[in-house]
Amino acid sequence: MTAETPEPSLDAIRREIDWIDGQILRLLVQRTAASARVKATKAHDGSIASSPFRPAREAAMMRRLIEVAGSALNPELLVRLWRVILSASIQSQAPVTLHLDWVLGQDLAMRLMVAQHFCDMAVEIHNNPSRALDAVGRAQGDLALIAPDADWAAGFASGAAGSAQVTATLPVFATGGQPQLLVFGHAAPQPSGDDETLLLLPCEKVTVAGALWQAHSGAATLASLAGFLDHAPPLHPGARIVGRYPRPLKVSP
């Protein structure tokens, strides 16, 4: 008869946790050093001037991590942990200020979602969405966070955002329908493998066939189409692309 293997003591389990924590810390130090090398490379080739925020790379990274983790880790926990790491990496490359209008600034749930995604980045509150767009238009590395159905389209069409476009959306997980926030920035759009293209149509009453979601901003219509499109389809005179961004993460039940 074989003797049963004794269960590890609580002290032994705690020692194992302490050892694991040490390995995590060591890897975080290595990752921080690698991020510093990224900063040096971007500074050399000039790419950091537009924005340290890279939504396509972040989305591809998170999809890969969620797939590798499988059922071992809750995807929302995984994303929340990595958002702290990614936000610290962004801030180490260049300071980033988030620009919000006062309506979002007073919405506690929205502020909490922004804080969870961008962590300790500085926040500036503006009187209206067009002012927030104007601020990000004058600051290459900053981001503006605006609700899709806020009154921002006219300001955007008049050039308030400069070269900034929609580069991401929040929340990070697909919840169905339109996102709660659009993230405007100057990062060069890059395909992530699963993307959406946001169109702005200068008319209020229009239904776009095949749109993933639609919203109204003032007298304009927003329509999101699947894919990373190079040109706006001929849906309506004056239709223009206002952003291309990774589709929110989808997690199988």
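Before any of the text, the structure's been laid out above.
Residues numbered from 1 in each chain as written. Predicted model: local features only at pLDDT ≥ 70, side-chain atom pairs only at ≥ 80, totals over all residues. Heavy atoms only, no water.

Caption draft 1: Fine view of the overall build of the chain. Across its full length, the chain carries seven helices and nine strands. Taken over the C-alpha atoms alone, the chain extends approximately 85 × 45 × 35 Å along its principal axes. When burial is assessed residue by residue, the chain has 42% of its 253 residues classed as buried. At a minimum sequence separation of 6, the contacts of the chain that also span at least 24 residues come to 68%. Put simply, the chain shows about 13900 Å² of open surface, and 58% of that area lies on carbon and sulfur atoms. In the chain, 21 side chains carry a positive charge and 23 a negative one; their mean positions are 6 Å apart. (Helix = DSSP H or I, 4+ residues; strand = E, 2+ residues; numbered from the N terminus. Buried < 20%, exposed > 50% of the residue type's maximum accessible area, 1.4 Å probe, protein only. Contact = heavy atoms within 4.5 Å. Areas by Shrake-Rupley, 256 points an atom, 1.4 Å probe, with all protein chains shown as cover. Lys, Arg positive; Asp, Glu negative; His and termini not counted. Charge placed at Lys NZ, Arg CZ, Asp CG, Glu CD.)

Caption draft 2: Fine view of the layout of surface pockets. Considering only enclosed or pocket space, the largest pocket measures out at about 430 Å³ in volume. Considering the residues around the largest pocket, the lining is formed by 18 residues, among which R31, R57, M61, L86 and S89 are closest to the centre. Put simply, the parts of the chain that give the lining of the largest pocket at least two residues each are α1 (10-45), α2 (55-69) and α3 (75-93). Tallied by class, residues from the lining of the largest pocket come to eight nonpolar, four polar and six charged. Forming the boundary of the second largest pocket are 16 residues, of which R80, M113, Q116, P171 and V172 lie nearest the centre. (1 Å grid on protein atoms, 1.4 Å probe; cavity = no way out; pocket = protein on both sides within 12 Å on 5 of 7 lines; lining within 4 Å. Points joined across faces, edges and corners; volume = space filled by probe spheres on them. Nonpolar A, V, L, I, M, F, W, Y, C, P; charged D, E, K, R; others polar.)

Caption draft 3: Examining the pattern of salt bridges more closely. As enumerated under the stated definition, the model contains five salt bridges in all. Note that E58 is salt-bridged to R83, the shortest N-O span being 2.5 Å. On the criterion of sequence distance, the pair formed by E58 in helix α2 and R83 in helix α3 is long-range, its members being 25 residues apart. You'll find E58 and R83 in the same group, each marked buried. Two residues, D134 and R138, come together in a salt bridge whose shortest N-O distance is 3.0 Å. Here D134 pairs with R138, and both are found in helix α6 (residues 129-138), just four residues apart, close to one helical turn. (Salt bridge = Lys/Arg side-chain N within 4 Å of Asp/Glu carboxyl O.)

Caption draft 4: Representation of a nonpolar patch on the surface in the model. Together, W19, I20, I24 and L28 make up an exposed nonpolar region whose accessible area comes to about 390 Å². With respect to the helices and strands, I20 occurs in helix α1. (Patch = residues over 30% accessible without salt bridge, like charges linked within 9 Å, V, L, I, M, F, W, Y side chains within 5 Å.)

Caption draft 5: A look at helix α5 (residues 108-118). Residues of α5 that are buried include every one of M110, M113, V114, H117 and F118, and no others. Burial along α5 is one-sided: seen end-on, the buried residues are contained in an arc of 110 degrees. Residues of α5 that are exposed and point over 90 degrees away from its buried face: L108 and A109. Buried positions along α5 lie against α3, β1 (97-101), α4 (102-105), β3 (143-146), β4 (165-170) and β5 (181-185). Its side-chain oxygen placed 3.1 Å from the backbone nitrogen of A109, D107 serves as the N-cap of α5. Taken from the residues just after α5, C119 is the one with a positive phi, measuring 55 degrees. (Arc of directions from axis to C-beta. Polar contact = N/O pair within 3.5 Å; in protein donor to acceptor, adjacent residues only side chain to side chain.)

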